[in-house]
Amino acid sequence: MASTTEGDHREEEAPHNEDEDTGAQVAPIVKLEEVAVTTGEEDEDAILDLKAKLYRFDKDGNQWKERGAGTVKLLKHKVTGKVRLVMRQSKTLKICANHLVLPMMSVQEHAGNDKSCVWHAADYADGELKDELFCIRFGSVENCKSFMEMVHEVAESQKKKEENKDASATAGLLEKLSVEENKTEDKSRAEGEVPKEEKEEEEVPKEEKKESKSEEAEKKPEEPASST
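Everything numeric in this text was worked out from a predicted model, so none of it was measured.

Rules of the game
- Residues numbered from 1 in each chain as written.
- Predicted model: local features only at pLDDT ≥ 70, side-chain atom pairs only at ≥ 80, totals over all residues.
- Heavy atoms only, no water.
- Helix = DSSP H or I, 4+ residues; strand = E, 2+ residues; numbered from the N terminus.
- Buried < 20%, exposed > 50% of the residue type's maximum accessible area, 1.4 Å probe, protein only.
- Contact = heavy atoms within 4.5 Å.
- Areas by Shrake-Rupley, 256 points an atom, 1.4 Å probe, with all protein chains shown as cover.
- Core = buried A, V, L, I, M, F, W, Y, C linked by side-chain atoms within 4.5 Å.
- Patch = residues over 30% accessible without salt bridge, like charges linked within 9 Å, V, L, I, M, F, W, Y side chains within 5 Å.
- Salt bridge = Lys/Arg side-chain N within 4 Å of Asp/Glu carboxyl O.
- Phe/Tyr/Trp six-rings, centres within 6.5 Å; stacked < 30°, edge-to-face > 60°.
- Pairing = 2+ DSSP bridges.

S.K.: Describe the overall build of the protein chain, with residues and values.
M.R.: In terms of helices and strands, the protein chain carries 4 helices and 7 strands. Counting over 228 residues, the protein chain shows a buried share of 21%. Taking the contacts inside the protein chain whose residues are at least 6 apart along the sequence as the reference set, 50% of them involve residues at least 24 apart. Here the protein chain has roughly 18800 Å² of accessible surface; of this, 49% comes from carbon and sulfur atoms.

If you want it as C-alpha cells, here you go:
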C-alpha cells in the first residue's frame, strides 16, 4: 500500500513540459507597421568605407577627446559629384563627423603613429559649422594609407573642377564682352552713316552745275539798247 501511494504522489509531482506546443494561435495585441528609415545618404555612393576611431582636439583643455568609434565613409553625390566625409558611431549611429572634402583639405600622418592621421575641416556634425582639428586612428597601416590617398585624390579632383569652372566662367565673360563691343560698334556705324539716297541727292555732279549755269545765262533777258 505504501508503495502505491508513493507512486501516485510521484505522478502528481511530475512537472509539465512548458515548451509543449498546444496548437493555440495567439493574435498580436499591437500591429506594427513598417516604417521607412532615411539616412540622408540615398543620393550618394560610398567610395570608401572603413572602421576607425575618431578624436577631436579640445582647444580649451588642450587635449585630444574621443569623438566616437564606428565607420568612416567618403560619400560622392550622384548629381553634383561633391564628396563628403561622414562618420557614425557603431552602436548609436550618431554622427560624429560630417563635412565636405574641399580642394584645400590636407590629411597628414600623425606624428609618432603610422596608423593615425590628422586634418582640419569645417564640420557640421553638431548642426552648426565649426572649425575642428580631427585625428582618426585605424586598425592597420594599410587602412590609414588608403584613407589618406583617397582623401588626397578627391581633393585634387575637386580642385580641378574648381579651376575648370573658373576658366569657363572667364571665357564666358570674355565672350559676352566681345559681343557687347561688336554691338556697340555696329550701333555707332549705323548712327554715323548717311543713307546712299540722301548722299546722291546732296551731291550734285559738276556737269549738272555747269549746265544749270549756262541755262540761267540763256534765260537771262537781254538788256535794252541805250538810246542815244
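S.K.: Please provide a residue-by-residue account of the nonpolar core, values included.
M.R.: Among the nonpolar cores identified, the biggest contains 26 residues, and V72, W119, I136, F138 and F147 are the most heavily contacted of them. Looking at this core element by element, the count peaks at 6 residues for helix α2 (residues 141–192). If we skip the residues at most four places from it in the chain, I136 touches A52, K53, L54, V72, M87, K115, S116, C117, W119 and F147.

S.K.: Lay out a nonpolar patch on the surface with the relevant residues and their values.
M.R.: Taken together, I29, V30 and L32 make up a surface patch of nonpolar side chains, about 420 Å² in accessible area. Here V30 lies in the loop between α1 (2–13) and β1 (44–58). Owing to a relative accessible area of 59%, V30 belongs among the exposed residues under this scheme.

S.K.: Now, about the packing of aromatic side chains: what can you tell me, with residues and values included?
M.R.: Across all of its chains, the model carries 4 aromatic pairs by this definition. Between W119 and F147, the aromatic rings sit 5.6 Å apart at their centres with planes inclined by 50°, giving tilted as the arrangement. Note that W119 is positioned in strand β6 (residues 116–123) and F147 in helix α2, a separation of 28 residues in sequence. Among the aromatic residues, ring-to-ring pairing joins W119, F134, F138 and F147 into one connected group.

S.K.: Before we move on, could you go through unusual backbone geometry and cite the residues and values that matter?
M.R.: Of note, N62 is a non-glycine position whose phi angle comes to about 55°, a positive value. Note on placement: N62 falls in the loop between β1 and β2 (63–77). Despite not being glycine, L93 shows a phi value in the positive range, around 60°. Within the secondary structure layout, L93 lies in the loop between β3 (83–89) and β4 (95–100). When its relative accessible area of 52% is taken as the criterion, L93 is described as exposed.

S.K.: Account for the environment of M148, with residues named and values stated.
M.R.: Its place among the elements puts M148 in helix α2. Distance in space between the C-alpha atoms of M148 and E109 is 8.2 Å, their sequence separation being 39 residues.

S.K.: Lay out the sheet that holds β3 in plain terms, naming residues and giving numbers.
M.R.: Reading across the sheet, the 7 strands line up as β4-β3-β2-β1-β7-β6-β5 and stay open at both edges, with antiparallel pairing between neighbours. In the strand order of this sheet, the two ends are held by β4 and β5 (108–109), each with one partner. In this structure, β1 lies alongside β2, joined through 14 bridges in antiparallel fashion. Across the sheet, R56 pairs through a bridge with K65, a residue of β2.

S.K.: Go over the pairing of β4 with me, naming the residues and quoting the values.
M.R.: Pairing geometry for β3 and β4, over 5 bridges, is antiparallel. Bridge pairing links R88 to I95 in β4. Taking the residues between adjacent antiparallel strands as the criterion, β3 and β4 are bridged by 5 residues, where L93 takes a positive phi near 60°.

S.K.: So what's going on with the pattern of salt bridges? Residues and values would help.
M.R.: Summed over the entire model, instances satisfying the criterion amount to 7 salt bridges. Taking the shortest distance from any N to any O, the salt bridge between K73 and E41 comes out at 3.6 Å. Residue K73 is located in strand β2, and its partner E41 is located in the loop between α1 and β1; the two are separated by 32 residues in the primary sequence. Residue classification places K73 among the partly exposed residues on the basis of a relative accessible area of 23%.

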